[in-house]
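Per-entry structural report
Here is what each chain is made of, one letter per residue.
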Amino acid sequence: MTEKNLEGQIVQMNGQIQKLQRELQAVREQLDKTESNRDEYKSKYFQFKGIFQKQTHIFYLYQGLSEYSLDALSGIFKGTSFEEFLACGVQPGNIDALWEFSRGQALAGNIADVAILNKIIEYFVRLYNGTNESPILAFQAISPGDAFDVDLHIRTQESRASGKISNVILSGLANAYTGEIIKKAVVEIL
């Protein structure tokens, strides 16, 4: 081969190298864009997964109630789907009815179901408050060790007539604006 032929091949190969480098750069840019999109979708996925898991957790708790409670609550929670559960539970009248049922169960000593019902009520109160510009309902601030007050609390049948609260069985509800008690907390006094 002549020197001129070799120089021509070198120029041709340099051209191919530059073309391949441009293609490689374009592929790298596409890869960066794809990875960025993947990270964004992954972040959104975990965000929605977290929200959905919280919601479905409450639904699964509800499904774990005793047959008696599920049957009694069928007037509040119409249907069997998760969406129907949410739609029914967030309604103020249904929150009230759910709390009243829970009070009855607390006073009857059905503590296992009341623990679940308390979580369901708290969840729906948070959801309901979230649909308003400012919270409508609040929970009574009560802790074990507080003095029992008939104006603020309902004691269980097994409780003493007075004394210090040993356990809060069912959270009470109050007006978030005024603090006025709407539903007295059910407590134990031992």
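Structure: above.
Residues numbered from 1 in each chain as written. Predicted model: local features only at pLDDT ≥ 70, side-chain atom pairs only at ≥ 80, totals over all residues. Heavy atoms only, no water.

Counting buried residues along strand E6 (residues 185-189), four of its five residues qualify, which places the element largely inside the surrounding structure. Across three bridges, the pairing between strand E2 (residues 153-155) and E6 is parallel. What sits directly across from His-153, in E6, is Ala-185. Summarising the sheet, strand E3 (residues 165-170) and E6 pair through four bridges and their orientation is antiparallel. (Buried < 20%, exposed > 50% of the residue type's maximum accessible area, 1.4 Å probe, protein only. Helix = DSSP H or I, 4+ residues; strand = E, 2+ residues; numbered from the N terminus. Pairing = 2+ DSSP bridges.)

Counting across every chain of the model gives five salt bridges. Where Asp-39 meets Arg-38, a salt bridge forms, and the shortest distance between an N and an O atom there is 2.9 Å. Residue classification places Asp-39 among the partly exposed residues on the basis of a relative accessible area of 40%. Of the charged contacts in the structure, one is a salt bridge between Asp-96 and Lys-183, with a shortest N-O distance of 2.6 Å. Here the residue Asp-96 occupies a position in helix H4 (residues 92-108), and Lys-183 occupies one in strand E5 (residues 181-183), the gap between them amounting to 87 residues. (Salt bridge = Lys/Arg side-chain N within 4 Å of Asp/Glu carboxyl O.)

Now for the sheet that holds E2. Reading across from one edge, E2-E6-E3 is the order of the three strands in this open sheet, with mixed pairing throughout. Pairing within the sheet leaves two strands with one partner each, and these edge strands are E2 and E3. Strand after strand, the sheet turns through a mean of 40° between neighbouring axes, direction not considered. Against the sheet, H4 makes contact with E2, E3 and E6, and its axis sits at roughly 135° relative to E3, the strand it touches most. (Axes fitted to C-alpha atoms, helices over the stretch in contact; angles between N-to-C directions. Contact = heavy atoms within 4.5 Å.)

With that settled, consider the packing of helix H3 (residues 82-89) against helix H5 (residues 111-130). Helices that pack against each other are described as a pair by the angle of their axes relative to one another and the distance between those axes. Interaxial distance between H3 and H5 falls to 10 Å at its minimum, and their mutual angle equals 70°. Our classification of the angle between H3 and H5 gives roughly perpendicular. Judged by residue contacts, Phe-85, Leu-86 and Gly-89 of H3 engage Ile-120, Tyr-123, Phe-124 and Leu-127 from H5. Looking at side-chain class alone, the contact of H3 with H5 contains six nonpolar, one polar and no charged residues. (Parallel < 35°, antiparallel > 145°, perpendicular 65-115°, else oblique. Nonpolar A, V, L, I, M, F, W, Y, C, P; charged D, E, K, R; others polar.)

Glancing now at the sheet that holds strand E4 (residues 173-175). Spatially, three strands are ordered E1-E4-E5 in an open sheet, and the strand pairing comes out antiparallel. One side of each edge strand has no neighbouring strand; the edge strands of this open sheet are strand E1 (137-139) and E5. Strand-to-strand twist in this sheet, taken as the mean axis angle between neighbours without regard to direction, amounts to 40°. Taken together, the three bridges between E1 and E4 define a ladder with antiparallel strand orientation.

Here Ser-102 is to be found in helix H4. Beyond its immediate stretch of four places on either side in the chain, Ser-102 contacts Val-114, Leu-117, Ile-121 and Leu-170.

A full pass over the atoms with the stated rule returns eleven aromatic pairs. Counting every residue linked through ring pairs, the aromatic cluster contains Phe-59, Tyr-60, Tyr-62, Phe-77, Phe-82, Phe-85, Tyr-123 and Phe-124. (Phe/Tyr/Trp six-rings, centres within 6.5 Å; stacked < 30°, edge-to-face > 60°.)

Our next topic: the environment of Phe-124. Looking at where Phe-124 falls in the secondary structure, it is placed in helix H5. The exposure class of Phe-124 is buried, given its relative accessible area of 0%. The spacing of Phe-124 and His-57 is 67 residues in sequence and 13 Å in space, taken between C-alpha atoms. Setting aside residues no more than four positions away along its own chain, Phe-124 makes contact with Phe-77, Phe-85, Leu-86, Gly-89, Val-90 and Ile-95.

Within the element layout of this structure, Asn-129 appears in helix H5. Given a relative accessible area of 13%, Asn-129 falls into the buried group. A distance of 2.8 Å separates a polar side-chain atom of Asn-129 from the backbone nitrogen of Ile-136. Not counting chain neighbours up to four residues away, the residues in contact with Asn-129 comprise Ser-134, Pro-135, Ile-136 and Leu-137. (Polar contact = N/O pair within 3.5 Å; in protein donor to acceptor, adjacent residues only side chain to side chain.)

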